[in-house]
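# Observations on the three-dimensional arrangement
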Amino acid sequence: MKLHIRHETRYDFDAPVPFGLQQLRKTPKSFRNQSIVSWSTQITGGHKELTFEDYHRNTVELISFETNTQSISLISEGIVEVKDTHGVLGRHEGSTPLWLFKRSTPQTSPGKRVAELISALPNGEPLEQMHALSERIRATVSYEIGSSHPGWSAEDALKAERGVCQDHAHIFITCARQLGVPARYVSGYLMMNETELQDATHAWAEVHLDGLGWVGFDVSNGISPDDRYVRVATGLDYAQAAPVIGNRIGTAGEQLTVQLQVAQQ
């Protein structure tokens, strides 16, 4: 399936900003199940300084602000072709060792509630156990837009018993690592059946299982990714796969606007 994607991130400031830098991770990965047909980034109010690949093999664009700008618009757009592999991506590639994906981060640090969730899981084969884990998280933490904070950890979301796709992914990753399974966070695009327009990217998790390699789990939707999903960036948690991160000088207030369109080509 070919998907057309247009993703605009816009910042408007209430005073001139002397200097700023942002890292964009909005370019889809070229991998076994997906390939980029075309892709471009348009910038208004800033300049692309360079493009590089990080150690998760994410494409990163470094953007500088125009001096004293009061707005910056970042539009990523293109066409990606995706094949349905039922969530199975296969063998691990790259120089990053698998053991790294068992390492905890501030947002995937286990605690009492993670331990309680794991203890309720049935014994079984690793793949069966991961499916059971996904179902258990979905039943425990309700999906509520706007109910969580970007800095929440897995424990925070479990305590609140609500969250969004980012929280579901963090909980799944934390639990999988506690079970000795390498796990990583995925940010990307999802074509929804009911609408082309969205106001945020999607997130899910992947685990590495013997005999299968990397396998994806979208806890929020209760499925493994199919050809409606476009993988963009991966990392140990959201912080390493966020679409836009950066810093700026000054005390100006800001308003963030995100417009995302995903449609079949």
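Above this text is the structure in question.
Structure report, in brief.

Here is what the cut-offs are and how they apply
Residues numbered from 1 in each chain as written. Predicted model: local features only at pLDDT ≥ 70, side-chain atom pairs only at ≥ 80, totals over all residues. Heavy atoms only, no water. Helix = DSSP H or I, 4+ residues; strand = E, 2+ residues; numbered from the N terminus. Rg over C-alpha atoms; globule rule 2.2 N^0.38 Å. Buried < 20%, exposed > 50% of the residue type's maximum accessible area, 1.4 Å probe, protein only. Contact = heavy atoms within 4.5 Å. Salt bridge = Lys/Arg side-chain N within 4 Å of Asp/Glu carboxyl O. Phe/Tyr/Trp six-rings, centres within 6.5 Å; stacked < 30°, edge-to-face > 60°. Lys NZ or Arg CZ within 6 Å of the ring centre and 35° of its normal. Expected span 1.5 Å × (residues − 1). Polar contact = N/O pair within 3.5 Å; in protein donor to acceptor, adjacent residues only side chain to side chain. Pairing = 2+ DSSP bridges. Axes fitted to C-alpha atoms, helices over the stretch in contact; angles between N-to-C directions. Core = buried A, V, L, I, M, F, W, Y, C linked by side-chain atoms within 4.5 Å. Parallel < 35°, antiparallel > 145°, perpendicular 65-115°, else oblique. Nonpolar A, V, L, I, M, F, W, Y, C, P; charged D, E, K, R; others polar. Left-handed = near helix turned anticlockwise from the far one by under 90°.

So, on to the overall build of the protein chain. Scanning the protein chain for helices and strands turns up 4 helices and 16 strands. Scaling as 2.2 N^0.38, a compact globule of 265 residues should have a C-alpha radius of gyration of about 18 Å, and the protein chain matches this with 19 Å. By its C-alpha atoms, the protein chain is 60 × 40 × 40 Å across when sized along the principal axes. Counting over 265 residues, the protein chain shows a buried share of 50%.

For the rest of this paragraph, the subject is the environment of Pro16. Mapped onto the secondary structure, Pro16 falls in strand S1 (residues 2–17). Apart from residues no more than four positions distant in its own chain, Pro16 is found in contact with Asn68, Thr69 and Gln70.

Okay, the pattern of salt bridges next. For the structure on display, the rule yields 12 salt bridges. Salt-bridge contacts for Arg6 lead to Glu77; the nearest nitrogen and oxygen are separated by 4.0 Å. Note that Arg6 is positioned in strand S1 and Glu77 in strand S6 (residues 69–82), a separation of 71 residues in sequence. Residue Arg6 is classed as partly exposed on the basis of its relative accessible area, which comes to 26%. The exposure class of Glu77 is partly exposed, given its relative accessible area of 24%. Ionic pairing is found between Glu93 and Arg91, a salt bridge with its closest N-O pair at 3.3 Å. Judged by its relative accessible area of 57%, Arg91 is exposed.

The next subject is the packing of aromatic side chains. Considering all chains together, one arrives at 7 aromatic pairs under this definition. Centre to centre, the rings of Phe13 and Phe65 are 5.9 Å apart; their planes meet at 35°, and the pair counts as tilted. Residue Phe13 is located in strand S1, and its partner Phe65 is located in strand S5 (residues 59–65); the two are separated by 52 residues in the primary sequence. Judged by relative accessible area, which is 6%, Phe65 ranks as buried. For the pair Trp204 and Tyr229, a centre-to-centre distance of 5.1 Å together with 90° between the ring planes defines the contact as edge-to-face. Pair noted here: Trp204 is in strand S12 (residues 202–209) and Tyr229 is in strand S14 (residues 229–235), with a separation of 25 residues, a long-range link. Using a relative accessible area of 1% as the deciding quantity, one classes Trp204 as buried. The aromatic ring of Phe101 is capped on one face by Arg184, whose charged end is 6.0 Å from the ring centroid.

Let's shift gears to helix H4 (residues 165–178). For an α-helix, the turn length of 3.6 residues means that residues three or four places apart are oriented alike. Taking 1.5 Å per residue as the helical rise, H4 with its 14 residues ought to reach 20 Å, and the 20 Å between its terminal C-alpha atoms agrees with that figure. With respect to burial, H4 is a largely interior element, 13 of its 14 residues being buried. One or two positions beyond H4, positive phi appears at Gly180, with a value near 85°.

Our focus in this paragraph is the environment of Glu206. Assignment of secondary structure puts Glu206 in strand S12. Separated by 51 residues in sequence, Glu206 and Thr257 place their C-alpha atoms 29 Å apart. When residues no more than four places from it in sequence are discounted, the contact partners of Glu206 are Leu89, Pro182, Ala183, Arg184, Val186, Trp214, Val215, Gly216 and Arg231. Side chain to side chain, Glu206 and Arg184 meet in a polar contact 2.7 Å long.

Backbone hydrogen bonds hold the strands of a sheet together, and the pairing may be parallel or antiparallel. Strand order in this open sheet of 4 strands is S4-S5-S2-S15, and the pairing throughout is antiparallel. Every other strand in the sheet has two partners, leaving strand S4 (46–53) and strand S15 (244–249) as the edge strands with one partner each. In this sheet, adjacent strand axes meet at a mean angle of 15° when their direction is disregarded.

Core analysis: the largest hydrophobic core is formed by 43 residues, its most contacted members being Met130, Ile171, Phe172 and Val207. If we ignore the near neighbours within four places in the chain, the residues touching Met130 are Phe172, Ala176, Leu179, Val181, Val207, Leu209 and Phe217.

Packing of helix H1 (residues 112–119) against H4 brings their axes to within 10 Å, and their N-to-C directions diverge by 70°. It follows that H1 is roughly perpendicular to H4 by the angle criterion. On H4, the residues that touch Val114, Leu117 and Ile118 of H1 are Ile171, Thr174, Cys175 and Gln178. Taken together, the residues that form the contact of H1 with H4 break down as 5 nonpolar, 2 polar and no charged.

Axis separation between helix H2 (residues 126–140) and H4 bottoms out at 10 Å; the angle between their running directions is 140°. Taken together, the axes of H2 and H4 lie oblique to each other. Here the hand of the crossing between H2 and H4 comes out right-handed. In this structure, H2 contributes Met130, Leu133, Ser134 and Ile137 to the contact, and H4 contributes His168, Ile171, Phe172, Cys175 and Ala176.

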